[in-house]
Amino acid sequence: MKYNFKEIEKKWQDYWEKEKINEVKDLSCPKYYVLDMFPYPSGAGLHVGHLKGYVATDIVARLKRMQGFNVLHPIGWDAFGLPAENYAIKTGIHPEITTKKNIDNIRNQFKVTGLSYDWSREINTTDPNYYKWTQWIFIKIFEKGLAYKKLLPINWCPSCKTGLANEEVVDGKCERCGTETTKKEIEQWVLKITDYADKLLEGIDSLDWPEKIKEMQKNWIGKSQGWEINFKINNIDVPVFTTRADTLFGCTYLVLSPEHSIINYLDIENKEEVNEYIEKAKNKSDRERISEVKNKTGVELKGIKAINPVNQKQIPVFVADYVLGHYGTGAVMAVPAHDERDFDFAKKYNLEIIWVIDSEKDFAFTEDGTLFNSSEFNGLSSSEAREKIGKFVKGEKKVNYKLRDWVFSRQRYWGEPIPIIHCEKCGIVPDYNLPVKLPYIEKYEPTGTGESPLAAINDWVNVECPKCGGKAKRETNTMPQWAGSSWYYLRYLDPNNDKELVNKEKEKVFMPVDLYVGGAEHAVLHLLYSRFWHKFLFDSGYISTKEPFLKLRNVGLILANDGQKMSKSKGNVISPDEIIEQFGADTLRVYEMFMGPFEQAIVWNEQGVKGINKFLNRFWDFVVKNKDNKESSKELIAEVNRLNKKVSEDIEKMKFNTSVAFFMEFLNLVENEKVGSDVLKMFLLLMFPFAPHMCSELWEINGYGNILNEEWPKYDKELIKKDKIEIVIQVDGKVRDRLEMDVDSSEEKVKEVSQESERIKKWLQGKEVTRVLFIPNKLINFILKK
RNA sequence: GCCGAGGUGGCGGAAUUGGCAGACGCGUAUGCCUUAGAAGCAUAUAUCUUUUUGAUGUGAGGGUUCAACUCCCUCCCUCGGCACCA
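Comments concerning the sheet that holds strand β27 (residues 734-742)
Reading across the sheet, the four strands line up as β27-β26-β29-β28 and stay open at both edges, with mixed pairing between neighbours. Every other strand in the sheet has two partners, leaving β27 and β28 (769-775) as the edge strands with one partner each. Going from strand to strand, the sheet's axes swing by 20 degrees on average, the running direction of each strand aside. Across four bridges, strand β26 (residues 724-731) lies against strand β29 (residues 779-784) in parallel orientation. What sits directly across from Ile-729, in β29, is Ile-780. Contacts between helix α23 (residues 747-756) and the sheet are confined to β26, β27, β28 and β29, with β29 contributing the most and set at about 65 degrees to the helix.

Describing the state of the cysteines
Scanning the model with the defined rule gives zero disulfides in all. Here Cys-174 is not disulfide-linked; the sulfur of Cys-177 is the nearest cysteine sulfur, at 3.7 Å.

A short note on the protein's contact with RNA strand B
Neighbouring RNA strand B are 53 residues; Ser-224, Thr-243, Arg-341, Gln-600 and Gln-607 lie closest to it. Arg-738 is positioned with one of its side-chain polar atoms (N or O) 2.8 Å from a base oxygen of RNA strand B. The side chain of Arg-771 places a nitrogen or oxygen atom 3.1 Å from a phosphate oxygen of RNA strand B. Per element, the largest residue contribution to the surface near RNA strand B is six residues, and it comes from helix α20 (residues 656-670). A breakdown of the residues in the surface near RNA strand B according to their chemical character gives 22 nonpolar, 12 polar and 19 charged.

Regarding the environment of Ser-648
Relative to the helices and strands, Ser-648 resides in helix α19 (residues 634-652). Separated by 65 residues in the primary sequence, Ser-648 and Pro-713 have C-alpha atoms spaced 9.3 Å apart. A polar atom in the side chain of Ser-648 sits 2.8 Å from the backbone oxygen of Asn-644.

A short note on the nonpolar core
Core analysis: the largest hydrophobic core is formed by 91 residues, its most contacted members being Phe-110, Trp-604, Phe-619, Phe-656 and Phe-683. A per-element tally of this core places helix α2 (residues 48-66) first, with 10 residues. Excluding residues that lie within four positions of it along the chain, Phe-619 makes contacts with Leu-667, Phe-683, Leu-684, Met-687, Met-694, Cys-695 and Leu-698.

Structural notes on the sheet that holds strand β19 (residues 427-430)
Reading across from one edge, β19-β18-β21-β20 is the order of the four strands in this open sheet, with antiparallel pairing throughout. The strands lining the two open edges of the sheet, one partner per strand, are β19 and β20 (462-464). Taking each pair of neighbouring strands and ignoring which way they run, the sheet shows an average axis angle of 40 degrees. Note that strand β18 (residues 420-423) and β19 share four bridges and pair antiparallel. Bridge assignment links Ile-421 to a residue of β19, and that residue is Val-429.

Things to note about the packing of aromatic side chains
Scanning the entire structure with this criterion turns up 49 aromatic pairs. Here Tyr-54 and Phe-110 contribute two aromatic rings whose centre-to-centre distance is 5.0 Å and whose plane-to-plane angle is 75 degrees, an arrangement assigned as edge-to-face. You can see Tyr-54 sitting in helix α2 and its partner Phe-110 sitting in helix α4 (residues 95-112), a full 56 residues away along the chain. Both residues of the pair, Tyr-54 and Phe-110, belong to the buried class. Taken together, a centroid distance of 5.8 Å and an interplanar angle of 80 degrees make the contact between Tyr-117 and Trp-119 edge-to-face. Under the relative-accessibility criterion, Tyr-117 is labelled buried at 1%. Every member of this aromatic cluster is reached through a ring pair, and the members are Phe-138, Phe-142, Trp-189, Tyr-196, Trp-406, Phe-408, Trp-482, Tyr-529, Phe-532 and Trp-533. One Lys or Arg, Arg-531, reaches over the ring of Trp-209 and ends 5.9 Å from the middle of that ring.

What counts and how
Residues numbered from 1 in each chain as written. Chains lettered and ligands numbered in written order. Predicted model: local features only at pLDDT ≥ 70, side-chain atom pairs only at ≥ 80, totals over all residues. Heavy atoms only, no water. Pairing = 2+ DSSP bridges. Helix = DSSP H or I, 4+ residues; strand = E, 2+ residues; numbered from the N terminus. Axes fitted to C-alpha atoms, helices over the stretch in contact; angles between N-to-C directions. Contact = heavy atoms within 4.5 Å. Disulfide = S-S within 2.5 Å. Near = heavy atom within 4 Å. Polar contact = N/O pair within 3.5 Å; in protein donor to acceptor, adjacent residues only side chain to side chain. Nonpolar A, V, L, I, M, F, W, Y, C, P; charged D, E, K, R; others polar. Core = buried A, V, L, I, M, F, W, Y, C linked by side-chain atoms within 4.5 Å. Buried < 20%, exposed > 50% of the residue type's maximum accessible area, 1.4 Å probe, protein only. Phe/Tyr/Trp six-rings, centres within 6.5 Å; stacked < 30°, edge-to-face > 60°. Lys NZ or Arg CZ within 6 Å of the ring centre and 35° of its normal.

Right, dumping it as structure tokens:
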């Protein structure tokens, strides 16, 4: 009988679907929620890299089912977004149509890979029955005062013709299309994620997430504690924020950001020059600003002095765009001796530098130390001085964050409408008549003016005010791509509920997510946004958990043969369809797990795929050949139990590559032995999560029944103990021989036997042994006198 | 510049956390099979050494230890993230 993957894979996929084996059934068992980051249904379909994470979670889901857990393993579609809309602009085909087509394609890719999703819970963020609740959450956020509309200079992508959140600008470029972003001032919906800065920070440490992602979130939130201290300009208080109140005596000038409002009220001698500078600074792109890090610019406000509150000294005042308007107070006390930026600036404009910590250097000394040049505070340590000086100048303790509020509106068509109505009389009124459906339109082209294409649909835009019945207009901005994905994991628990976003009991049973797998690129986007919404929903009493995702693992990329990321534009994409056609889904699955450590990026290697296929063929032949044997030798039973232990432990640690290596090792060991059903059964069950089609078929062929009725096998702790073990014999720390000994042999015994070895004798002859080191069951080391 | 991860054969990578470095796979070589090729099977495969023996070897240098890929110090390189946040 030959391994005919085409036939058997279809057979078992149909069976699983018919029997609905992946649906949640028995609620009395402990639950296990294993979740994938749901895909964007792109027209290109999935490539082999996308599948790596999905295969891994599938293995875990199948393992957990066999271990008796009530496993929730759902999938859905994050289907709003620009590609479908851009495609519509080009072809005139509505995004809904292309999206549906793409979903059908990818769903099929999932099925032929043998992924065991619970298809009864499939969700789609573009389904009005889904985005109804996305809109509902927005209204709740609005009602709590955490959503507001504001005229803001925001990041603008000239190519996508939409505003972007801070998180979506990478290196001064649009995260999606790579175009350099500009600034644009338009009315924006903004969510107050900053109100949750502390909560988002607090929760991080308790999570079993990759250190890297936790660090990135912490840095992004960027909490810093310091003092707000008032300087006086013309008797007006100008507060500055500093983390280094201890260096106040070293402050030799004050810097205002170009946006600082006080500039308008001052009688500046060189007003024209200053205004010109401010105007120029406003129009700078992020990239321009970044490129000026090493060459700071600024203009002194002539005729203006500030007074340092610690010593009443008069100091010059500058406006410079190295000070940011949106952080702290938008004004900074400059201490060139102890801050690199101030140091650069002071050197360039020849400003005074006063050293107050440590001693004079030719660079800014930014560490803590002992104060001098600081009057009565001399001799204090930095940390003491911060407190004392801060209090002395009547400063206020203050915390600041780098995190900025989430710019939430997009000027595009293919997104959730923001459920808001602007009434001439009542102002901003939420539209509780949900869902606010996205209307069908003919022209998708973004206007570029800061309005979405929806603004042109008069009969959609013009409505009655739900409050007063008067003339009103709909909000025409849509939500960002991240809205639907900020809560989707909750909807899987109760996908058809039309009364609430999720039933509370169901939420209690299934949340939090036990294992979440996806790419690292969402560290400060989706993963931050969804924690924010989750915490909001928790605070509002809709859910019972503080954090959505307990354990997160990042899947490493699969790179193309050329070592590059796979992409359609580079033409280096490898499609799973071809691999499955040629070698079968089980080969693809096992290969992707064997490639290397799960979280690491690895280059695709066609030869490696063939190697796995060869292994599976051998495995097949081996199982079939031993079909009629009943019992195996004691030693082989012990070996398969050892395999069981190793594989069980490694899957739990997501070390799939070594699990597969152990399977191979085991097959190498037993391939030419006569093996009975006792060993075969355990081997098949262990391999089942990795190669489910093949193992189901072999189980049936060998007459064992239906593999789905089986539990994950337990290994026998007694059985796996060995009676003989190889002991390493060292002389002066170098391996000179290896001896087979009884397990737990005593030091005396090992010493005696090893001294009888001819090889060892040679090394010990005529030498004096000064020390003997013995590690039970491992090694003995004879140390010679020199 | 700062933060994080990492550096092991020709390649992807193992190594029970201080105890046999190179598991497993790919590739390569030789042989078998074949009219031939492919596939398959067998053997070998870190380097040096004529074989045994032995020596060297986990980015570089130093240290701790009977023993270091593993711990400590100094440095180099690669990848990822952040980047004027006062």
